[in-house]
Structures are given as C-alpha cells and as structure tokens.
Amino acid sequence: MAGATLAEERSRRPWLLLAPSALLYAAFLLVPLALLVVASVTPAEGPGRLQAATGEYYAAFATDGITLTILLHTLRLASLVTLSCLVLGYPLALFMRRAGPKTRLAIMLVVVSPLLSSVIVRNVAWLLVLGREGIINTGLQALGLIDAPLPLLYNTFGVVVGVTHVYLSFLVLPLFASLTTINPAAEESAAILGASPLRTFLYVTLSLSPPGAVAGATLVFVLTMGVYLTPVIMGESFVTTLPMVITDLVRNQFEWSRASAFAIVLLLVVGGVMAASGWAERRLTT
Amino acid sequence: MGTETPAVNAAGINKHFGAFHAVRDLDFQVRKGEIVSLLGPSGCGKTTMLRMLAGFVTPTSGTIAIAGKVVNGVPPHRRHVGMMFQSYALFPHMSVGENVAFGLRMRSVPKAEIKLRVEEALRAVRLADRIDSYPRQLSGGQQQRVALARALVIKPDVLLLDEPFGALDRELRQHLQAEMKRLQRQLGISTLLVTHDQEEVLLLSDRIAVMHKGRMDQIAAPEEIFERPATRFVAEFMGGTNIFEGRVEQQGGTGLFRIAGSGDAIGLLACGPFSQAAGAPVMIRPERVTLVANRDRGTPPAAAIMSGRVTEMNYLGSSTEYRVALDGDDEVEIVSRIPGLQASGERPRLDEPVFVCFDSAAVHSLPVSSQL
C-alpha cells in the first residue's frame, strides 16, 4: 500500500509543475485560437450575424486566384529559404563537429548572433549591403565586373538572403546536435571496409543525419511561412506573402473575418507541413 | 614460417604527437595465421600502433608493410585490413546483412556473390537467422559477432581488434573469447589484438608484445612472458608481485641472493645467467611460493628458504593469497597464492609463524631496471 501512495504522490507532482505554463497557453493560445475560429465563420455584417456560421471566407480563399497564388509564393519562399539553409548549414555543422571547443563556440555565437540583434537593425544593414548603392554593387562596379547594379534587393533573392541569415541557426543547431551523436568509429569502420571519404560521407554521415536535418528544416520552413517584417522591408511590395495579406486585411481593411479565415488556412498548411515532416522523420530513422 | 611474407611487418616505428612521444622505435611482425597481442596499460601506445596499421594515424618515422606491401601513405580504404572497434561501430541504419555486405559492396563484388558470402560469414558467427535484424535489436554479444563477421567477410590481410571484449560482462566475454579463438584458427587469419587484459591475452595470443611508455619491453610466447619476463615492468604487469631488490653473494660455489634490508638470503641454484650488479631484482611468482605453518616451533622442512609471519589472508575462491612479513625485517613481504585444495587443518592462519618454501628454479632474475 505504501508503494501505491508513493506512486500517487509521484504522479501528482509533475502536473503541478505544468500548471503555470498550461495556464499561460490556455489564456494566450487556446482561447485566442478558439476566438479566431469563431471569427473566421462569422459573417462580417447583416442581420444574420452571430446566428449563422458561414464558410464564405474559406470559399473565397479557395476560389480567389490571387490568394492561392500568394499561398504558393509563400510556400516557394519557405522552400527556398529551407534549401539555402540546408546548403549553407550542412558544411557548417560538419565543420563544427570536427572543430575544437573554442572554434565551435565562436561559430555558434556567430550563427546565433542575428537572433540577438533587432530585426530592424538587421534589415537596414542588409539594405546597405545589397541595395543599388550598397557595398556589393558599388564594389563590383568599381572593379568593372558589372555595368549596371545587380537586382539584389526588393525581389525574392533579397528576401531569401535576409530570412536565411536569421533562421540558419534553427537548422545548424539541431543538425550539429544530431551529427555529434554519430559514432566517429562508424565512419572509420566504413573507411576500413573500403569506402572512400566521399562514400563514407554519403553512406554513413549523411545517412545518419536526417533526424537533425529534418527537425531543423521543418523549423526553418514553418518559421518562414510566418515571417512578416523581413519581406516587408527587403521585398517591399514586390514580394507578397500570406502573413502580409492577413496583416493588411486587419490593419487597413478591417476585414477581421476574412483575415481570421486566412490565418486558419495558414495554420492548417503549417500543421500539414509539420505532420508530413514528422512522418518523413520516422520513415528515415527506422 | 621461415621465408613466408609476414602479414604485418612494422620496422622502426615512431610517433610523436607534438611533444609527446607515443610510440618509440617499435619493431614487430605478425606472421601468417598467428595472433599477436599488444598488451599494456592505457597510454602505452598500443592503440596508436593499431591505428597506424589501419591508416588512421601516420607514423612520424618507420615503415609499415601489410602482406609484403609498404602501406605508408596509403589511406585506410585502400588497405585490405579488417578492424573491429571496441564500440563495434555497426551502422545503426543498416540491417545486419547490410552491415556485413558493406565491405563487399565497396569492393564492387557481384550481388549474387555478396549474398553467399554474407550468409557464410553470418553462419560462421552463428547469427544467420538475424540477417534482417537491426543492430539495436541485438544484444551486446550479438553485435560483437556481427562486427566480427563484417570485418572477416572481406578476407582481410590482417584483422585488427581494438579491445574487442572490453564492453562485455565476464561470462559472455569468456564465451566469446573461446569462439573468437576457434574462428581465428579455423580461418587461419592473421590477427593483431590490442588489450590491457592479462587473462585475455594469455588465452588468445600466440605471441604477446608488452608495451610500456611507447616502447616494446618484450615480445614472446605467453609462457615466456608469464614465467620469464624480460623487464620489471612486464613482471609487474603480469601479476608478479614478489619482486625483490638485493645483491648476489658467493657462498661455497653457490650464488646467494641477499634481499636488501633483510637477513634472509634466497638460494640461487639454477636460475640461469644472473646479473651481479647491485640492485638487480629477482621475481618469484606467488603461485610458486608455498607456506608451512610453524606451530610448534619445529624443524623447518627441507624446501624452506625463509621464515616469517602471516599478516594478511585473502580468500579468492580457487586460491587463497597470503602476505607474509619476513623475519628479520618487517618491511619485506612475500606473497603466496595457495590453491584451495590444501586441507584446511594445514592452512596457515592469520598472525601465525610460517616457513616460506619455493624451488630455486622458481626464482627468475630480472635485468637491472632500466630507467625509462
């Protein structure tokens, strides 16, 4: 009987630890989410308001060619950022794995530094680097390599650069963590069994890194789906993403219901991406 | 053996890591079909030597030849060597069959032949039924056998084993050691084993190389290493606890060894060439020392060499270990290990006076300890 009491006590305590954050999430996530769902099916005006739910805003999203195009653009942007993070992040994580503790810490600080600086400062700095009069264009022109400034800003390229810069850490850190769990002796085994360095990398290192890579790529993708300020500053009106449309609906057009419906759609797409990546990760690791 | 090309020929090997001299002037061979062990405490350079053979570490100087070909500068994947790591290092994302097939795939062996050879290798380690399992579904002992099959299936010129039994518990370890020995004899595969385990090394090796601070103190057959260690370090590492400093005196045609600081002298009759220099130690293995209780202060038996008093008694199951303080000097102790067969009535008790007996042939002289 004493054992049962002890077990009961044990099972009660963790729930107490959970309570503060659970309250926070309930008040500031679940309740607003419920309100968002309600708003998305509430007609904006008319006598039937609050009595009858409507799916018209969802239908509008699906039938309006523009919103679907913007969703596709947003997905494309997220894919490009994820891809560029993978391309830049893999070599970096591999290097960190082999580096000494001091070098490793220095790289980590550099990778995380964008998260520690203000988004405005960061973006203005990028304007100075990538703009028509920025150091890259003036430098290349001074060297005589180009005649006219390259279009580095106010297009998808500029936004990808800006977003990759901030979110690279979300890919590098989980990837690095999963690389450190690979037994170096497994790679040595591959070598002694006759695998060249390239084949060792492909068959062992790369094949064992998906848990971290998938987790990191998912984080970057999902975060990019919701990114707002960087596309606004570095893409101006030339790059439109779904979060920009939703913000515009609320701030300028006061279309709360439509904005809510679009937000729910964005949420569902992100949820779908996460579910797919979870499934992919299980497939890759078993 | 004679003129046959050795599986491994290491000549004049040195390795420096910065200021640290990890391996010094090492020369040794692994002949075709034999197991040679590198034995020594951690940090003695044995693992560095193994990794130089594998190609993961480049020697600072010296020549390594595998199957007659000099391999200095040849990367690991172009040496035809099998290696088993202490952690086994199986590929966790590949099945047992895929793990074993890996080396053959890298060598572009035809698929049908790979299948046959993988099955054969797994049968040899008695794991044919686990071909589709994944490493994490196997016990430690099974993983070890998969690692062995994976190393053997490529029919390497030499098999390198890095502390292969270190991670297993005692019973399993002994079982797998016997299995490994059987397999090695059956396949006639030249093997270099690195270990710090004295029991394992005696069981498995044809020859043992004892390493100490980067040097090789002795390379010889197990009996030789155990009975006639070449240095004090080898004697101590092989559990030879009775090592006495002293000097040799002549007494009527017989050499007598007088232990420093004690009135007792050990008679030396047939112990071979003996260093006369001061400080040359002698060793007597504890198993060769017997004790006779001196209860009624009687006359000593003929074999008695010294007398003393039991200060410590440790029951070890198959034997009992006694520590005896020698008469004349309490500082000097001799250890005796007596098999558990002796009738309990005759066994010396704690604090009892005893006669210490051993054959003078049990006395082995060591060279004057060279200061390394």
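Everything numeric here is computed off the predicted structure, so don't read it as measured data.

Cut-off values and rules
- Residues numbered from 1 in each chain as written.
- Chains lettered and ligands numbered in written order.
- Predicted model: local features only at pLDDT ≥ 70, side-chain atom pairs only at ≥ 80, totals over all residues.
- Heavy atoms only, no water.
- pLDDT = per-residue confidence, 0-100.
- Helix = DSSP H or I, 4+ residues; strand = E, 2+ residues; numbered from the N terminus.
- Contact = heavy atoms within 4.5 Å.
- Buried < 20%, exposed > 50% of the residue type's maximum accessible area, 1.4 Å probe, protein only.
- Polar contact = N/O pair within 3.5 Å; in protein donor to acceptor, adjacent residues only side chain to side chain.
- Core = buried A, V, L, I, M, F, W, Y, C linked by side-chain atoms within 4.5 Å.
- Pairing = 2+ DSSP bridges.
- Axes fitted to C-alpha atoms, helices over the stretch in contact; angles between N-to-C directions.
- Domains from an automatic or database assignment.
- Buried area = accessible area lost by both parts, 1.4 Å probe.
- Salt bridge = Lys/Arg side-chain N within 4 Å of Asp/Glu carboxyl O.
- Lys, Arg positive; Asp, Glu negative; His and termini not counted.
- UniProt positions renumbered as here; feature names shortened; annotations may be inferred.
- Expected span 1.5 Å × (residues − 1).
- Bend = angle between axes of the 7 residues up to and from the residue.
- Patch = residues over 30% accessible without salt bridge, like charges linked within 9 Å, V, L, I, M, F, W, Y side chains within 5 Å.
- Areas by Shrake-Rupley, 256 points an atom, 1.4 Å probe, with all protein chains shown as cover.

## Observations concerning the confidence of the model for chain B
Residues and elements named next belong to chain B. Taken residue by residue, chain B gives an average pLDDT of 87. The fraction at 70 or more is 89%. In the model of chain B, strand β14 (residues 265-268) stands out as the element of lowest mean pLDDT, 65, in contrast to helix α2 (residues 96-106), which has the highest, 97. Confidence over residues 269-273 falls short of pLDDT 50; this stretch has seven contacts with residues more than four positions distant or in other chains. Our summary of model confidence lists the complex with pTM equal to 0.80 and ipTM equal to 0.82.

## Some thoughts on the environment of Thr224(A)
All names here are of chain A. Summarising the element assignment, threonine 224 is placed in helix α10 (residues 210-225). For threonine 224, a relative accessible area of 1% translates into the label buried. Residues threonine 224 and valine 81, spaced 143 residues apart in sequence, show a C-alpha to C-alpha distance of 7.4 Å. Reaching out from threonine 224, the side chain makes a polar contact with the backbone oxygen of valine 220 at a distance of 2.6 Å.

## Topic: the nonpolar core
In terms of nonpolar packing, the biggest core is built from 69 residues, with Phe28(B), Met49(B), Leu160(B) and Leu192(B) touching the most fellow members. Sorting elements by how many residues they give to this core places helix α7 (residues 156-180) of chain A first, with eleven residues.

## Notes on the environment of Ala128(B)
All names here are of chain B. Its place among the elements puts alanine 128 in the loop between α3 (111-124) and α4 (140-152). Since its relative accessible area comes to 37%, alanine 128 is described here as partly exposed. Between the C-alpha atoms of alanine 128 and valine 118, which are ten residues apart in sequence, the distance is 8.9 Å. Dropping the residues within four chain positions of it, alanine 128 is found in contact with Leu122 and Arg123.

## A few points about the sheet that holds strand β18 (residues 319-326) of chain B
Residues and elements named next belong to chain B. Across the sheet, five strands lie side by side as β16-β20-β17-β18-β19; this open sheet has antiparallel pairing. The outermost strands of the open sheet, each flanked by one partner alone, are β16 (290-293) and β19 (333-339). On average, each strand axis in the sheet is inclined to that of its neighbour by 45 degrees, with strand direction left out of account. Relative to β18, strand β17 (residues 304-315) is paired through seven bridges, and the arrangement is antiparallel. Counted as the bridge partner of tyrosine 315 is threonine 320 from β18.

## Considering the domain arrangement of chain B
Residues and elements named next belong to chain B. We note that the domain assignment places domain 1 (8-233) and domain 2 (242-365) within chain B. Between domain 1 and domain 2, the C-alpha centre-to-centre distance is 40 Å. Each partner contributes to the interface: domain 1 provides five residues, whereas domain 2 provides eight residues. Carbon and sulfur atoms supply 51% of the area buried between domain 1 and domain 2, which totals about 590 Å² over both sides. By the criterion of area lost to domain 2, the three top residues of domain 1 are Phe226, Glu227 and Arg232, representing 76% of everything that side buries. Linking glutamate 245 and arginine 232 is a salt bridge whose minimum nitrogen-to-oxygen distance equals 2.3 Å. At the junction of domain 1 with domain 2, the criterion picks out four residue pairs in polar contact (both at pLDDT 80 or more).

## Observations regarding the side chain of Glu200(B)
Residue and element names in this part refer to chain B. Take glutamate 200: it is sitting in helix α6 (residues 198-204). Despite its burial, glutamate 200 remains without a salt bridge, the nearest opposite charge being carried by arginine 173 at 4.9 Å. A distance of 3.2 Å separates the side chain of glutamate 200 from the side chain of threonine 195, its partner in a polar contact. Ignoring anything within four residues of it in the chain, the contact list for glutamate 200 reads Pro164, Phe165, Arg173, Gln177, Leu193 and Thr195.

## Some remarks on the UniProt feature "domain: ABC transmembrane type-1" (unreviewed entry) in chain A
Per the UniProt record, "domain: ABC transmembrane type-1" (unreviewed entry) is annotated on residues 71-277 of chain A. For the annotated span residues 71-277 of chain A, helix accounts for 80% and strand for 0% of the residues, and the straight-line distance between the end C-alpha atoms is 19 Å.

## Notes on the interface of chain A and chain B
Of the residues lining the interface, 18 residues belong to chain A; the matching set on chain B comes to 22 residues. Approximately 1800 Å² of surface area, both sides summed, lies buried where chain A meets chain B, with 66% of it carried by carbon and sulfur atoms. Looking at the side of chain A facing chain B, the largest losses of area belong to Glu188(A), Ile192(A) and Leu193(A), adding up to 40% of the total buried there. There are one salt bridge connecting chain A and chain B. A salt bridge links Arg51(B) to Glu188(A), with the nearest nitrogen and oxygen atoms 2.5 Å apart. Between chain A and chain B we count seven residue pairs in polar contact (both at pLDDT 80 or more) in total.

## Observations regarding α7(A)
When the terminal C-alpha atoms of α7(A) are compared, their 34 Å separation across 25 residues agrees well with the 36 Å that a helix rising 1.5 Å per residue should span. Its axis deflected by about 45 degrees at Val166(A), α7(A) carries its strongest bend there.

## Thoughts on a nonpolar patch on the surface
All names here are of chain A. Together, Ile120, Val124, Leu128, Leu229 and Val232 give the surface a local cluster of nonpolar side chains, amounting to about 390 Å² of exposed area. At three residues, helix α5 (residues 119-130) tops the list of elements feeding residues into the nonpolar patch. Turning to its location among the elements, isoleucine 120 is positioned in helix α5.

## A look at the sheet that holds strand β4 (residues 61-66) of chain B
Residues and elements named next belong to chain B. Strands sit in the order β2-β1-β4-β5 across an open sheet of four strands; the sheet is antiparallel. Each of the sheet's edge strands pairs with one partner strand only, and the pair in question is β2 (20-30) and β5 (69-70). The pairing of β4 with β5 spans two bridges and is antiparallel. Bridging from a neighbouring strand, alanine 65 pairs with valine 70 of β5.

## What about the environment of Leu109(A)?
Residues and elements named next belong to chain A. Tracing the backbone through its elements, the reader meets leucine 109 in helix α4 (residues 101-116). For leucine 109, a relative accessible area of 54% gives the class exposed. Once the C-alpha coordinates of leucine 109 and serine 169 are considered, the two residues, 60 residues apart in sequence, prove to be 9.6 Å apart.

## Brief notes about the pattern of salt bridges
All names here are of chain B. Scanning the model with the defined rule gives 22 salt bridges over all chains in all. Across the pair aspartate 206 and arginine 185 runs a salt bridge whose closest N-O atoms are separated by 3.3 Å. Within this pair, whereas aspartate 206 is found in the loop between α6 and β9 (207-212), its partner arginine 185 is found in helix α5 (residues 170-187), the two being separated by 21 residues in sequence. Classification of aspartate 206 by relative accessible area gives partly exposed; the value is 26%. Since its relative accessible area comes to 41%, arginine 185 is described here as partly exposed.

## Concerning the UniProt feature "transmembrane region" (unreviewed entry) in chain A
Residue and element names in this part refer to chain A. Listed under "transmembrane region" (unreviewed entry) in the UniProt record, and renumbered for this structure, are residues 15-39, 77-95, 107-132, 152-179 and 259-280. Secondary structure across residues 77-95 comprises 100% helix and 0% strand; the distance between its end C-alpha atoms is 27 Å. The span residues 152-179 is 86% helix and 0% strand, and its two end C-alpha atoms sit 34 Å from each other.

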